[in-house]
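Residue-level structure breakdown
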Amino acid sequence: NAGVTQTPKFQVLKTGQSMTLQCAQDMNHEYMSWYRQDPGMGLRLIHYSVGAGITDQGEVPNGYNVSRSTTEDFPLRLLSAAPSQTSVYFCASSYSAEGQPQHFGDGTRLSIL
Amino acid sequence: AQSVTQLDSQVPVFEEAPVELRCNYSSSVSVYLFWYVQYPNQGLQLLLKYLSGSTLVKGINGFEAEFNKSQTSFHLRKPSVHISDTAEYFCAVSETGSQGNLIFGKGTKLSVKP
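Residues numbered from 1 in each chain as written. Chains lettered and ligands numbered in written order. Predicted model: local features only at pLDDT ≥ 70, side-chain atom pairs only at ≥ 80, totals over all residues. Heavy atoms only, no water.

Concerning the overall build of chain B
Let me state the cut-off plainly: Counting from the N terminus, the helices are the DSSP runs of H or I reaching at least four residues and the strands are the DSSP runs of E reaching at least two. With the radius of gyration taken over C-alpha atoms, the globule rule is written as 2.2 Å times the number of residues to the power 0.38. Each residue's exposure class comes from its accessible area (1.4 Å probe, protein chains only) as a fraction of the maximum for that residue type: buried when under 20%, exposed when over 50%, partly exposed otherwise. Contact criterion: two residues are considered in contact whenever any of their non-hydrogen atoms come within 4.5 Å of each other. Per-residue and other accessible areas were derived by the Shrake-Rupley procedure at a 1.4 Å probe size, with only the shown protein chains allowed to occlude residues. Positive charges are assigned to Lys and Arg, negative charges to Asp and Glu, while His and the chain termini are left out of the count. Positions of charges follow a simple convention, taking NZ of Lys, CZ of Arg, CG of Asp or CD of Glu.
Across its full length, chain B carries zero helices and twelve strands. For chain B, the N- to C-terminal ordering of α and β elements is β-β-β-β-β-β-β-β-β-β-β-β. Computed over C-alpha atoms, the radius of gyration of chain B comes to 14 Å, within 12% of the 13 Å expected from 2.2 N^0.38 for 114 residues, which places it in the range of a compact globule. Counting every position in chain B, which comprises 114 residues, the buried fraction comes to 46%. Put simply, of all contacts in chain B between residues at least 6 apart along the chain, 56% involve residues at least 24 apart. Surface accessibility of chain B: about 5,500 Å² in total, with carbon and sulfur atoms responsible for 49%. Charged side chains in chain B number 9 positive and 9 negative. The centres of these two groups are separated by 4 Å.

As for unusual backbone geometry
Of the consecutive residues Thr7 of chain A and Pro8 of chain A, the connecting peptide bond is found in the cis state with omega at -5 degrees. With respect to the secondary-structure elements, Pro8 of chain A resides in the loop between strand E1 (4-7) and strand E2 (10-13). One non-glycine residue, Asn28 of chain A, adopts positive backbone phi at about 60 degrees. Mapped onto the elements, Asn28 of chain A comes out in the loop between strand E3 (19-25) and strand E4 (31-38). Asn28 of chain A sits in the exposed class, given a relative accessible area of 51%. You will see that Thr72 of chain B, though not glycine, has its phi angle at about 45 degrees, which is positive. Within the fold, Thr72 of chain B resides in the loop between strand E8 (64-68) and strand E9 (73-78).

Considering the side chain of Thr108 of chain A
Residues and elements named next belong to chain A. Spelled out, the test is: Residues adjacent in sequence count toward polar contacts only when both atoms are side-chain atoms; beyond that, a polar contact is any pair of N or O atoms within 3.5 Å, and within protein one must be able to donate a hydrogen and the other to accept it.
When you line up the elements, Thr108 lands in strand E11 (residues 108-112). The class of Thr108 is buried, set by a relative accessible area of 0%. A distance of 2.6 Å separates a polar side-chain atom of Thr108 from the backbone oxygen of Pro8. Discounting chain neighbours no more than four positions away, the residues touching Thr108 are Gln6, Thr7, Pro8, Lys9, Leu21, Ser87, Val88 and Tyr89.

What follows is the structure, encoded as structure tokens:
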């Protein structure tokens, strides 16, 4: 099993560009989520999904969109990149929503110039 | 509102010494508690979890944590650390009814010196 796979690992964008961060899991997990990690801030929840076709906002959703058309995939879209979105992004999944530990991908390091 | 406080941002310790990384949380409902470890340029790996039952929880790599409901704490301990334990450690809380969403502390960087 590959677990949670994130692509790309690194990306540099210019302000105003859009892009999609990919996340795929092969564990048949219902719950998936996106976090951003900034120095000294820990991880903060951007968006999450409790199953295919169901998404909701987390703590810091502004500037990001998500969709969940399949159980396996949960892409994160930056609509118009801003320097404040420079961060490391982590995707995570778990078997069910409540009380289950989340499995994390290796992250995407994103720089916005 | 739910929050997680990791009281030490950095903890230096000598090899083979004991270590305690402190975590306090605030919540008005029952919680699930987790400790994750992050090695440089990697994702987060689960160390241990408290869901219910015994308040002393054992995890991987010789770590353990104790849930103290009255003090709303979930401190992480290891009796003897190794150089390889150098990493950043995150405490995380999920409230019952929150659909599994995690609230993370800001992390504690453990530096083990020879």
